[in-house]
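Here is what each chain is made of, one letter per residue.
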Amino acid sequence: MGARPRRRRAPAAAAATTAAPGPLGALLAAALLAAAGAQQSATVANPVSGASPDLLPHFQLEPEDVYIVKNKAVSLACRATPATQIYFKCNGEWVHQGDHVMQHSTDRGTGLPVMEVRIEVTRQQVEKIFGLEEYWCQCVAWSSSGTTKSQKAFVRIAYLRKNFEQEPTAREVSIEQGIVLPCRPPEGIPPAEVEWLRNEELVDPALDANVYVTPEHSLVLRQARLADTANYTCVAKNIVARRRSASAAITVYVNGGWSTWTQWSGCSTSCGRGWQKRSRTCTNPTPLNGGAFCEGQNMQKTACTTLCPVDGAWSEWSKWSVCGAECTHWRSRECSEPAPRNGGQDCHGPELDTRNCTSELCSHAASGAEDVALYVGLVAVAVCLVLLLLVGVLLYCRKKGGLDADVADSSILTAGFQPVSIKPSKADNPGLLTIQPDLSTTTMTYQGSLCPRQDGPAKLQLPNGHLLSPLGAGRHTLHHSSPAAEGADFVARLSTQSYFRSLPRGTNNMAYGTFNFLGGRLMIPNTGISLLIPPDAIPRGKIYEVYLTLHKQEEVRLPLAGCQTLLSPIVSCGPPGVLLTRPAILAMGHCVEASAENWSIRLKKQSCEGTWEDVLQLGAEPCTDLYYCQLEAQACYIFTEQLGRFALVGESLSMAASKRLKLVLFAPAACPSLEYNIRVYCLSDTQDTLKEVIQLEKQLGGQLIGAPRVLHFKDSYHNLRLSIHDMPSSLWKSKLLASYQEIPFYHIWSGLQPFLHCTFTLERLSPSTCELACKIWVWQVEGDGQSFTVNFNIAKDTRFSDWLVPDSEVGAPALVGPSAFKIPFLIRQKIISSLDPPGTRGADWRMLAQKLNLDSHLSFFASKPSPTAMILNLWEARHFPNGNLSQLAAAVAEVGKQDSALFAVSEAEC
């Protein structure tokens with residue numbers, strides 16, 4: 001603020017000012033000026049005669065805003081010329097004269113007096129008015145011409161709080177993705193300045209165009225680069241302190257990409273059937289910094305057939321010819337047993353053999369006419385031999401072509417699969433080649449031509465089938481599915497990443513837990529769905545968080561074609577891609593009446609791209625590297641070394657194929673009106689579907705009014721009909737206009753509509769009527785049927801409430817370690833070590849499988865490093881939690897290699 005001239009004082013005032021040079025004099029002067037009507041802020045109206053306006057004091061130095069740091073006092077200074085007196089006024093009060101430090105000098109240029117004054121302000125002075133107003137000071141300078149005030153200087157206590165209002169957080173981002181790291185510094189006076197550190201080095205936006213700092217102090221990386229992977233720290237500082245935020249680790253990762261496929265390799269065999277393969281690598285680009293590994297197979301296999309070379313061999317010599325005119329006879333042979341083909345070598349040696357037939361006593365002289373006759377005869381014989389040879393070759397080729405075409409019918413080779421020839425013998429051609437399955441191959445699955453159906457007597461005999469022994473006739477394709485295992489590093493990374501966070505947690509249809517090498521078990525209560533993770537299935541040193549989810553059918557699109565039908569719930573277990581060194585066992589229910597003549601059943605798995613693939617054909621596989629299935633009457637047990645989403649799908653081979661339906665009757669628990677509804681549900685006969693309906697009816701206020709029944713629904717294209725009968729007409733009447741209701745065949749057969757039901761709406765003729773008696777018939781046209789006899793009190797009858805399992809009796813969804821298994825760990829290890837080695841007279845794991853009725857799976861068990869462990873794992877999956885260890889102990893004791901006394905106390909040990 002510049003100097004402002006003042007009105008000239010009255011003489012008395014001037015005298016008073018001179019008399020009172022201190023603050024008291026200034027106050028008296030101000031009072032006299034006010035009494036005289038002078039305005040302190042007005043400009044001098046009549047200056048002293050001869051005085052210049054420049055004689056008003058003007059400030060060469062004015063006080064500036066300052067901050068008190070900690071407890072250090074601050075100094076304020078001002079300097080004015082010409083000035084006779086200068087004093088500080090702080091917050092409207094004059095500073096005591098003794099607190100001023102004055103210095104007088106003369107301006108060399110003008111010769112006018114110069115006065116400089118300094119004061120000190122302490123923290124205590126400022127804190128006295130803290131919260132009321134800001135502390136300020138200004139200078140007031142006097143001269144003979146008037147007074148001038150300086151600008152106000154504010155004195156503030158400086159500070160910087162410790163805690164950031166917002167700190168940057170760690171992130172993982174894909175390359176070329178933008179990054180914003182927010183930072184709101186701590187509150188402070190003066191406001192803190194912000195700078196960023198990358199690995200303790202200052203980030204300068206002027207040197208890197210990819211980086212800039214927003215006015216809100218956020219650090220922005222326009223496109224993430226690999227070099228941006230670092231620890232970032234936000235630093236706030238002012239004159240008091242310097243604060244650092246917590247470091248935020250930024251990881252810039254690169255997801256892997258597949259390279260192009262290599263060329264197909266040569267056939268693995270030089271003769272017969274073999275393999276071709278091609279590969280690709282996850283190097284386009286290579287995953288970095290925890291980026292996702294490539295999804296899919298890194299290797300593909302396809303079957304190939306190399307024609308075997310056949311070397312030629314001579315036929316028998318013909319008979320000797322008659323003795324000719326030259327006293328010789330001859331004989332011939334052909335290179336036709338077999339003829340060389342497919343690059344085989346020709347026969348070695350002469351084709352024609354001649355010999356003297358008169359012991360060399362014959363004269364060789366002959367007339368010319370006789371020679372001509374001889375040559376003509378030889379030419380005729382040669383022509384006949386050539387014709388015979390051509391006829392023989394044609395017959396042989398036709399015979400061979402017919403045989404090959406017949407064999408090809410049952411050995412269709414498709415790309416990416418292993419060929420196995422299985423040729424059904426035909427009754428009308430007993431001499432036809434029959435090829436038995438090669439049990440040394442790793443995987444076989446069955447696919448048949450299903451629609452339209454052809455019910456014929458011929459059957460394909462599979463001596464190694466485990467449940468669905470003979471399959472129906474038709475054209476059969478056996479192929480192999482073996483997705484390549486993921487890399488160990490990728491799996492280890494997946495086990496710690498949040499791959500499965502998108503799945504809903506805390507629902508009734510999900511279980512999850514954290515497992516290590518000790519294994520464990522996940523169960524979805526009241527659904528029959530469980531996942532057994534055997535001991536040592538998870539590598540030692542690894543910890544996986546595993547989940548098990550039952551999907552609602554409307555949430556997952558499972559495409560079905562032709563005569564296909566869903567036979568099981570759709571179940572996910574994961575996370576996909578984790579490394580399992582032993583197969584886990586997924587147990588779930590199914591609704592199929594299994595019969596090899598009537599069904600072709602496949603295990604489907606959803607790929608990473610979302611498509612459903614056949615990974616197993618039940619009844620046609622000896623064993624596989626990755627998948628195997630034990631199909632029982634109402635449940636299936638899937639051995640899998642790769643977790644994922646699974647479903648059991650069937651295709652009917654004849655109209656006799658049937659699936660089980662569960663028929664359930666519900667009605668309202670309370671009936672406030674005259675109308676009363678009976679709902680008849682037609683469900684797939686699996687526990688999970690019944691559980692869903694029970695939960696739905698609980699929400700609707702329904703109650704079970706009859707014991708559930710099973711109906712066998714055939715693939716006969718006939719609909720399901722429902723009707724109600726024998727209802728007392730004096731008490732009730734039905735609002736059903738037709739004699740029956742009908743559910744279309746395809747709605748039931750697809751299995752994709754889980755809660756199919758019909759409602760019978762009844763009306764009481766009197767509100768006092770509570771007893772309901774009737775019959776409900778449910779039947780398939782030209783098929784199976786069931787009849788329900790309903791006789792209960794709609795107001796108080798709860799006899800079937802025991803069928804509804806309370807939510808409190810669901811048990812633990814996750815069991816970890818030894819608690820998840822019936823067999824104690826040490827006993828299990830002893831059984832394995834005793835029965836895995838081959839025993840004399842078959843006293844080993846093979847006999848144990850026979851005792852447990854599992855001998856149809858010997859090929860699968862034998863393909864694993866520990867067959868006994870596979871048997872015990874399957875026993876655990878089938879018999880938990882109510883398995884009888886005494887029966888298992890008896891079976892082991894009968895093998896003869898385990899002491900039965902060891903198992904006598906196993907129940908107590910558990």
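Small disclaimer: the values here were computed from a predicted structure and weren't measured.

Attention now goes to the overall build of the chain. The secondary structure content of the chain amounts to 13 helices and 51 strands. Here the chain, with 910 residues, has 44% of them falling under the buried criterion. Looking at the chain alone, contacts between residues at least 24 apart form 70% of all its contacts between residues at least 6 apart.

Our focus in this paragraph is the pattern of salt bridges. Scanning the model with the defined rule gives 29 salt bridges in all. The shortest N-O distance in the salt bridge between lysine 662 and aspartate 685 comes to 3.3 Å. Residue lysine 662 is found in strand S41 (residues 658-668), and its partner aspartate 685 is found in the loop between strand S42 (675-684) and helix H6 (687-700); the two are separated by 23 residues along the sequence. Like lysine 662, the residue aspartate 685 is buried in the burial classification.

Of all hydrophobic cores here, the largest spans 72 residues; its most connected members are Leu772 and Ile776. Setting aside residues no more than four positions away along its own chain, leucine 772 makes contact with Tyr676, Ile678, Trp732, Leu762, Val790, Asn791, Phe792 and Ile794.

On to the packing of aromatic side chains. One pass over the full model with this rule turns up 17 aromatic pairs. An angle of 70 degrees between the planes, with centres 6.2 Å apart, marks the rings of tyrosine 627 and phenylalanine 646 as edge-to-face. Placement of tyrosine 627 in strand S38 (residues 627-631) and of phenylalanine 646 in strand S40 (residues 645-652) is noted, with a sequence separation of 19 residues between them. Ring plane angle 80 degrees and centroid distance 5.1 Å describe the contact between phenylalanine 745 and tyrosine 746, whose orientation is recorded as edge-to-face. Given the relative accessible area of 2%, phenylalanine 745 is considered buried. Judged by relative accessible area, tyrosine 746 falls into the exposed class, the value being 52%. Members of the aromatic cluster, each reached through a chain of ring pairs, are Trp599, Phe713, Tyr717, Phe745, Tyr746 and Trp749. The ring of phenylalanine 880 has arginine 521 sitting right over it, with the charged end atom 3.8 Å from the ring centre.

A few words now on helix H11 (residues 867-879). An ideal rise of 1.5 Å per residue puts 18 Å on 13 residues; H11 measures up with 19 Å between its terminal C-alpha atoms. Taken across its 13 residues, H11 has 11 buried, putting it largely inside the fold. Burial in H11 covers these residues: Pro867, Thr868, Ala869, Met870, Ile871, Leu872, Asn873, Leu874, Trp875, Glu876 and Ala877.

On to the pairing of strand S36 (residues 599-606). For S36, the buried fraction is high: 8 of the 8 residues fall into the buried class. Side chains Trp599, Ile601, Leu603 and Lys605 project from S36 onto one buried face, and the interleaved Ser600, Arg602, Lys604 and Gln606 project onto a second face that is buried too. Summarising the sheet, S36 and S40 pair through 7 bridges and their orientation is antiparallel. Looking at S40, one finds that arginine 602 is bridged to valine 649. In textbook terms, the turn of a hairpin is the stretch between consecutive antiparallel strands, and for S36 and strand S37 (residues 612-617) this stretch comprises 5 residues, one of which, glycine 610, has a positive phi near 100 degrees.

What follows concerns H6. Across its 14 residues, H6 extends 20 Å between first and last C-alpha, which sits within 8% of the 20 Å expected from 1.5 Å per residue. Asp688, Thr689, Lys691, Glu692, Val693, Ile694 and Glu697 are the residues of H6 that are buried. Against the buried residues of H6 lie strand S30 (520-524), strand S31 (529-533), strand S32 (544-551), S41, S42 and strand S43 (702-704). Two residues or fewer after H6 comes glycine 701, characterised by a positive phi angle close to 75 degrees.

Turning next to the side chain of threonine 769. When you line up the elements, threonine 769 lands in the loop between strand S48 (757-764) and strand S49 (771-780). Assessed through its relative accessible area of 7%, threonine 769 is described here as buried. Those residues in contact with threonine 769 that lie beyond four places of it in its chain are Leu731, Trp732, Arg764 and Ile794.

Scanning the model with the defined rule gives 8 disulfides in all. Disulfide partner of cysteine 335: cysteine 347, at an S-S distance of 1.9 Å. Its S-S torsion of approximately 80 degrees makes the covalent link between cysteine 335 and cysteine 347 right-handed. Taken together, the residues span a long stretch of sequence, with cysteine 335 in the loop between strand S23 (328-332) and strand S24 (352-356) and cysteine 347 in the loop between S23 and S24 at a distance of 12 residues. The thiol of cysteine 758 is not disulfide-bonded; the next cysteine sulfur, from cysteine 682, is found 6.4 Å away. Look at cysteine 758 and you get buried, because its relative accessible area is 7%.

Here 4 strands make up an open sheet; going across it, the order is S47-S45-S49-S50 and the pairing antiparallel. In this open sheet, the two edge strands, each paired with only one partner strand, are strand S47 (741-743) and strand S50 (785-793). With strand direction ignored, the average angle separating the axes of adjacent strands in the sheet is 20 degrees. Sheet topology note: the S49/S50 ladder contains 9 bridges and is antiparallel. The residue of S50 that forms the bridge with lysine 775 is threonine 789.

Here the focus is the sheet that holds strand S12 (residues 179-181). Strand order in the open sheet made by the 3 strands is S12-S17-S16, with antiparallel pairing throughout. Every interior strand has two partners, whereas the edge strands, S12 and strand S16 (211-213), have only one. Shown here is a sheet whose adjacent strand axes are inclined to one another by a mean of 15 degrees, direction ignored.

What follows covers unusual backbone geometry. The general pattern is negative phi for most residues beyond glycine and trans for most peptide bonds. The step from isoleucine 189 to proline 190 runs through a cis peptide bond, and the omega angle for that step is -10 degrees. Along the polypeptide, proline 190 turns up in the loop between strand S13 (188-189) and strand S14 (193-198). Omega for the bond connecting asparagine 284 with proline 285 falls within 30 degrees of zero, at 0 degrees, which places this linkage in the cis form. Of note in the backbone geometry, aspartate 726 takes a positive phi value of approximately 55 degrees without being a glycine. Mapping aspartate 726 onto the fold places it in the loop between strand S45 (720-725) and strand S46 (732-734).

Along the chain, glutamine 850 turns up in helix H9 (residues 845-851). Residue classification places glutamine 850 among the partly exposed positions, given a relative accessible area of 48%. As a C-alpha pair, glutamine 850 and valine 895 span 45 residues in sequence and 9.8 Å in three-dimensional space.

Turning our attention to the environment of valine 322. Mapped onto the elements of the fold, valine 322 is located in the loop between strand S22 (299-306) and S23. Separated by 35 residues in the primary sequence, valine 322 and cysteine 357 place their C-alpha atoms 8.8 Å from one another. Leaving out residues up to four positions away in the same chain, valine 322 has contacts with Thr328 and His329.

Turning to the packing of helix H8 (residues 825-835) against H11, a few remarks are in order. In contact at an axis separation of 8 Å, H8 and H11 are set at 140 degrees when each is read in the N-to-C sense. Of the possible angle classes, the one that applies to H8 and H11 is oblique. Handedness of the crossing formed by H8 with H11: right-handed. Note on element contacts: H11 touches H8 through Thr868, Ala869, Leu872 and Asn873, opposite Arg828, Ile831, Ile832 and Leu835. Within the contact of H8 with H11, the residues separate by chemical class into 5 nonpolar, 2 polar and 1 charged.

What follows concerns empty space enclosed by the protein. It is the rolling of a water-molecule-sized probe over the atoms that shows where space remains empty. Applying the stated criterion across every chain yields a total of 7 cavities of 30 Å³ or more. Of the pockets and cavities examined, the largest cavity occupies roughly 120 Å³. As for the largest cavity, its lining consists of Leu550, His551, Lys552, Gln553, Glu554, Pro569, Ile570, Asp688, Thr689, Glu692, Pro754 and Phe755. Residue assignment for the lining of the largest cavity shows that the elements contributing at least two residues are S32 and H6.

Below, the discussion takes up the environment of histidine 712. Within the secondary structure, histidine 712 sits in strand S44 (residues 709-714). As for histidine 712 and cysteine 591, which are separated by 121 residues in sequence, their C-alpha atoms are 9.5 Å apart. Those residues within four positions of histidine 712 in sequence are excluded, and the remaining contacts are Glu593, Ser658, Lys659, Arg660, Gln780 and Asp784.

Before going further, it helps to examine the confidence of the model for the chain. Looking at the chain, pLDDT values average 77 and 76% of them are 70 or higher. Here residues 806-810 is modelled with pLDDT under 50, and outside its nearest four sequence neighbours on either side it reaches 3 contacts, counting other chains as well. Here residues 898-910 scores under 50 on pLDDT; set against residues more than four positions off or in separate chains, the count is 24 contacts.

Calculation criteria
Residues numbered from 1 in each chain as written. Predicted model: local features only at pLDDT ≥ 70, side-chain atom pairs only at ≥ 80, totals over all residues. Heavy atoms only, no water. Helix = DSSP H or I, 4+ residues; strand = E, 2+ residues; numbered from the N terminus. Buried < 20%, exposed > 50% of the residue type's maximum accessible area, 1.4 Å probe, protein only. Contact = heavy atoms within 4.5 Å. Salt bridge = Lys/Arg side-chain N within 4 Å of Asp/Glu carboxyl O. Core = buried A, V, L, I, M, F, W, Y, C linked by side-chain atoms within 4.5 Å. Phe/Tyr/Trp six-rings, centres within 6.5 Å; stacked < 30°, edge-to-face > 60°. Lys NZ or Arg CZ within 6 Å of the ring centre and 35° of its normal. Expected span 1.5 Å × (residues − 1). Pairing = 2+ DSSP bridges. Disulfide = S-S within 2.5 Å. Axes fitted to C-alpha atoms, helices over the stretch in contact; angles between N-to-C directions. Parallel < 35°, antiparallel > 145°, perpendicular 65-115°, else oblique. Left-handed = near helix turned anticlockwise from the far one by under 90°. Nonpolar A, V, L, I, M, F, W, Y, C, P; charged D, E, K, R; others polar. 1 Å grid on protein atoms, 1.4 Å probe; cavity = no way out; pocket = protein on both sides within 12 Å on 5 of 7 lines; lining within 4 Å. Points joined across faces, edges and corners; volume = space filled by probe spheres on them. pLDDT = per-residue confidence, 0-100.

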